[in-house]
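Close look at the chain arrangement
The chain contents come next:
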Amino acid sequence: MGSRRSAVLASSLVTGINHAMARLVDIWDSIGIMEEQRVERMQTVKKYIEDLLRDMITEEESLRHRIKTSIITTRKQLETLCLELSVEPYNVEDDMTVLQLEKNLRCHLETLLKEKAERMQELSDLRQEDEELCVTLCATPYYIPSGSVPTRTQLQELHQHINKLREEKESRVKVFSGLREDIRSLMDQMGHEPETSLERESVCPDTDIFLLTHENIQALKLLLSQLELKKESLVSARDKLKDRAISLWNRLGCPEVEAKEFKQEALSTLSDDISRWRGVVDHLEVLQRAKLEEVIDKVRQELVCLWDKCMFGPEQKEPFNAYFCDDNYTEELLNVHDRELLKVKEFYDVARPLLESIEKWEKNWALFQDFERRAADPGRFSNRGGALLKESKDRAKVQKMLPKLEEELKARVEMWEKEHGSTFLMKGQKVMEFISGQWEEYRFQKDKEKNERMSKKADGSLFKTPTKRPHGSGSSVVTPTPNKIKKTPNQASVRTTAMTSSVSTTFLCVPGKPPLSAKRVKTLETSSVPRTVLQEFNGDKKPTFTYSDFTNELSRKTSQDSVLNSTVKDVL
């Protein structure tokens, strides 16, 4: 369609020129211009038209050249931008005209230039924020070569880097604020004034002067720990002064109406509180010097109580006996007593867990011995309401607990001796030796009681009941008929059941029948194999005897005409 229009225009242009030349000829004819002049004029017209067309052709050729040059230049720029922006090269279609090609290349170039400008602007903004965060956190900025256009991946990584720095800054600001608050609070509590530059910066209201670096955070944490240690030291000093004041107050027996200092609340700062208590202690020490004898006697009473708590034996108390018995009441003697009291208190504080374990063992040992004493009392079988069964359960519980406590105590003593490099003594003996001695004494007492019972039993078996003699028999002795023998209480056999749980039961049996537990008694009495302390009541085979067993046995014996002997208690 375009080519037809241009052909029509070209044809009309030729027609127009022909019409114009015809009119010029008509005009020349009417004027009467001669042929020579007419040729000259025609040449002028021809030259004019040729020059005009030549100029137009020159201009169009120049335009074509500029377009081609622009295409070449634009293509080069596009190639460079594609490399800088890391995008795919621009591909053109083959059937495009030069003008269309130039226009498409130019439009694509403008698009890439705009994208480059946006990336560079974004990079500039991100770099500025990155540098500020890195300066605050003393971190390394994200590296992008200067002068180069960042890729989309680099910009995305830079965004992530800045987000991490923001989170890190928020975290450090939170930690920094918390540390500053804690440091300021501790200084206020102690009445401590900032001395070093770090202390002054940590409490300064202007937070911008303090860089949020790891080193500064660690320095603040170290400062906080130092202040906490100092506070603990001040609290300990305050408590020692307070304890000292209370101790002096109790020693001196001051009236309650004068105890104003003890009832006052703590002052605003630890330093002021320490000064107050130091003044109280100084005042009481002045009063103490006037009552040395009374005060020393009270210190000695405190020492005796602490010695008992620490389970000291005579050998441990002996080094201090000379001072303890000294009647020359002087201030130096009081100081010696105070030092000894402090020394024993420190030992008690260090050894308190071990002493509590020993005390727990002693309580269970006392319960064990109490159960053993109850077991030897026949009157306990007359109880009703399940008391015997409850006693049996409690005794089994104590017997199970004692070995565990001894094992635990042994481990604790070994650990304590290993940590302190010294032997722990209990009433002048090693702990396990003391416990072994208690078990040996217990076994000796049990053997003694058993021998006494056996001796009484043997004495009772030698007694025989006299029988009647027939008249006229002289000195001869007639053997009585078994059915005619009079049964006496001393002829009844006593049945004693001995068990490892120390349960002792007594029954009166019909003569001629062996007791039910004879084999058990024989086995236990003939066994002389020594056992360790921890194995004494921890064997695998433990005979049991309950209240129901006792009642069943008593019923069975009653059905067999057993006789209750009132002298059994005396025999035992």
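Every value quoted in this text rests on a predicted model; they were computed, and no experiment measured them. All residue numbers refer to position in the chain's written sequence, counted from 1. Totals for whole chains, interfaces and linings use every residue, but because this is a predicted model, local features are given only for residues with pLDDT of at least 70 and side-chain atom pairs only at 80 or more, for both listing and counting. Side-chain measures here rest on the full set of heavy atoms in the structure, leaving out hydrogens and waters.

Some thoughts on the layout of surface pockets
Whether a set of points on the 1 Å grid over the protein atoms alone is a cavity depends on a 1.4 Å probe fitting there but being unable to get out, while an open set qualifies as a pocket with protein on both sides within 12 Å along at least five of seven lines; lining residues are those with an atom within 4 Å of a point. Grid points are joined across faces, edges and corners, and a volume is the space filled by probe spheres set on the points. Quantified by volume, the second largest pocket comes out at close to 640 Å³. As for the second largest pocket, its lining consists of 23 residues, of which Lys240, Asp243, Arg244, Leu342 and Lys345 are closest to the centre. Looking at the lining of the second largest pocket, the elements with two or more residues in it are α6 (214–252), α8 (270–289), α9 (292–310) and α12 (331–375). Helix and strand definitions follow DSSP, with helices as H or I runs of at least four residues and strands as E runs of at least two, each counted in order from the N terminus.

Considerations on helix α2 (residues 35–85)
Over its 51 residues, α2 extends 73 Å from the first C-alpha to the last, a length consistent with the 75 Å expected when each residue adds 1.5 Å. Whether a residue is buried, partly exposed or exposed follows from its accessible area with a 1.4 Å probe, protein chains only, as a fraction of its type maximum: under 20%, in between, or over 50%, in that order. What α2 keeps buried is the set Arg38, Ile67, Ile71, Thr74, Leu78, Leu81, Cys82 and Leu85. Just past α2, the residue Ser86 takes up positive phi, approximately 55°. Every helix has an expected span of 1.5 Å times one less than the residues it contains.

Some thoughts on the confidence of the model for the protein chain
Confidence in the prediction of the protein chain, expressed as mean pLDDT, is 75, and 74% of residues score 70 or more. Ranking the helices and strands of the protein chain by mean pLDDT puts α2 first, with 90, and strand β4 (residues 506–509) last, with 32. Residue-level confidence of the predictor is what pLDDT reports, using numbers from 0 through 100. What makes two residues a contact is simply this: any of their non-hydrogen atoms within 4.5 Å. Across residues 468–548, confidence stays below pLDDT 50; counting only partners more than four residues off in sequence or on other chains, it has 117 contacts. The model gives residues 558–572 a pLDDT under 50, and that stretch makes 21 contacts with residues more than four places away or in other chains.

What to know about the packing of aromatic side chains
Each Phe, Tyr or Trp ring, with Trp reduced to its six-membered ring, pairs with another whose centre is within 6.5 Å; inter-plane angles below 30 degrees give stacked pairs, above 60 give edge-to-face pairs, and intermediate values give tilted ones. A complete count under the given rule lists 14 aromatic pairs for this structure. Geometrically, the ring pair formed by Phe320 and Tyr323 is tilted, given 5.6 Å between the ring centres and 35° between the ring planes. Residue Phe320 is classed as buried on the basis of its relative accessible area of 5%. The rings of Trp361, Trp365, Phe368, Trp439 and Tyr442 are connected pair by pair, giving a single aromatic cluster. Sitting over the ring of Tyr348, Lys309 keeps its end group 5.7 Å from the ring centre. Only lysine NZ and arginine CZ atoms are considered, and such an atom sits over a ring when it is within 6 Å of the ring centre and within 35 degrees of the ring normal.

A look at the nonpolar core
Joining through side-chain atoms within 4.5 Å is the link that ties buried Ala, Val, Leu, Ile, Met, Phe, Trp, Tyr and Cys residues into a set, and such a set is a nonpolar core. By size, the foremost hydrophobic cluster in this structure holds 72 residues, and its most contacted members are Trp361, Leu409, Phe424 and Val431. When residues of this core are traced back to their parent elements, those giving at least two are α3 (98–137), α4 (152–190), α6, α8, α9, α12, α13 (387–420) and α14 (431–461). Counting residues per element, this core draws most heavily on α12, at 14 residues. Not counting residues within four places of it along the chain, the set of residues in contact with Val431 comprises Ile358, Leu409, Val413, Phe424 and Met426. Counting 11 residues, the second-largest nonpolar core is a separate cluster that includes Ile71, Cys82, Leu85 and Leu101.

Considering a nonpolar patch on the surface
Patch membership requires over 30% relative accessible area and the absence of a salt bridge. Like charges are linked within 9 Å, and nonpolar side chains (Val, Leu, Ile, Met, Phe, Trp, Tyr) within 5 Å. Using a 1.4 Å probe, the Shrake-Rupley method yields the accessible areas, and only the shown protein chains count as cover for residues. In what follows, salt bridge is the name for a side-chain nitrogen of Lys or Arg lying within 4 Å of a carboxyl oxygen of Asp or Glu. Nonpolar side chains collect at one region of the surface, where Tyr48, Leu52, Leu53, Met56 and Ile57 lie side by side and expose about 520 Å² of accessible area between them. For Leu53, the position within the fold is in helix α2.

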